[in-house]
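Breakdown of the fold
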Amino acid sequence: MDNQSVHFTLNGKEISVSVEPFEMLADTLRDRLNLTGTKKGCGQGECGACTVIMDGAAVNSCMVPSAKAEGSCVVTIEGLGENGKIHPIQQAFVDAGAVQCGFCTPGMILSTKALLDEKPNPTKEEIRTALAGNICRCTGYVKIEEAVELAAAAIRLNNESKAAEGRHGG
Ligand code: FES
Ligand code: FES
């Protein structure tokens, strides 16, 4: 079968990329688009290292055929920072000491983003459920949970101060 051209929004930009018939999104991102922040661990949907956000949901990109990305909106770790600054979730992972080798970190952060976009104030249980598919061999999960709580608090604070600025016409 021939390659196929797939069009989707990647980190806010419309792109078009030619993919092989059974190519998976993790490979397209890493090998064709050079976005190597998406990690590939097991390649079988078991470790979460390849997590990206697709249409608002965290997915294992090693299990998503690239052709399925057609018309979707995909966010990878490269798309999180803004104005040259890392995202508050990334900052929280650093501040909580939740990063050791870093291999699991992009996937953890994107699972966290999908969670906090939906639930800005998650319970510990909700955090555990959201990160259940992301495996870390280094840190244990305590610091990662702390990082998610720290990130949630930072984002809520940001949003509150933006809302206050809006109210005061600033
Ligand atoms: S590399 Fe995709 S889940 Fe492990
Ligand atoms: S920091 Fe090494 S696997 Fe999580």
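Residues numbered from 1 in each chain as written. Chains lettered and ligands numbered in written order. Predicted model: local features only at pLDDT ≥ 70, side-chain atom pairs only at ≥ 80, totals over all residues. Heavy atoms only, no water.

Under an unreviewed UniProt entry, the protein has the name 2Fe-2S iron-sulfur cluster-binding domain protein and belongs to [Clostridium] asparagiforme DSM 15981.

With that settled, the discussion passes to the environment of Q44. Mapped onto the secondary structure, Q44 falls in the loop between helix 1 (25-32) and strand 3 (51-54). Measuring from C-alpha to C-alpha, the distance between Q44 and N60 comes to 8.7 Å, with 16 residues separating the pair along the chain. Apart from the residues lying within four places of it in its own chain, the contact partners of Q44 are C62 and M63. (Helix = DSSP H or I, 4+ residues; strand = E, 2+ residues; numbered from the N terminus. Contact = heavy atoms within 4.5 Å.)

Let us now look at unusual backbone geometry. Phi at N11 is positive, roughly 50°, even though this residue is not glycine. Tracing the chain through its elements places N11 in the loop between strand 1 (4-10) and strand 2 (13-19). Classification of N11 by relative accessible area gives partly exposed; the value is 23%. Phi at D55 takes a positive value of approximately 45°, unusual for a residue other than glycine. Along the chain, D55 turns up in the loop between strand 3 and strand 4 (57-60). (Buried < 20%, exposed > 50% of the residue type's maximum accessible area, 1.4 Å probe, protein only.)

Here we come to helix 5 (residues 142-167). A rise of 1.5 Å per residue sets the reference length of helix 5, with its 26 residues, at 38 Å; its end C-alpha atoms lie 38 Å apart and thus fit the reference within 8%. Restricting attention to buried positions, one finds in helix 5 the residues I144, E145, A147, V148, A151 and A152. Looking at the buried residues of helix 5, the elements they touch are helix 2 (88-95), helix 3 (105-118) and helix 4 (124-130). (Expected span 1.5 Å × (residues − 1).)

Where helix 2 contacts helix 5, the two axes come as close as 8 Å, and the packing angle between them is 140°. With respect to their mutual orientation, helix 2 and helix 5 come out oblique. When you trace helix 2 past helix 5, the crossing you get is right-handed. Counting all contacts with helix 2, which are made through P88, I89, A92, F93 and D95, the residues of helix 5 involved are I144, A147, V148, L150, A151, I155 and N158. In terms of residue class, the contact of helix 2 with helix 5 is made up of ten nonpolar, one polar and one charged. (Axes fitted to C-alpha atoms, helices over the stretch in contact; angles between N-to-C directions. Parallel < 35°, antiparallel > 145°, perpendicular 65-115°, else oblique. Left-handed = near helix turned anticlockwise from the far one by under 90°. Nonpolar A, V, L, I, M, F, W, Y, C, P; charged D, E, K, R; others polar.)

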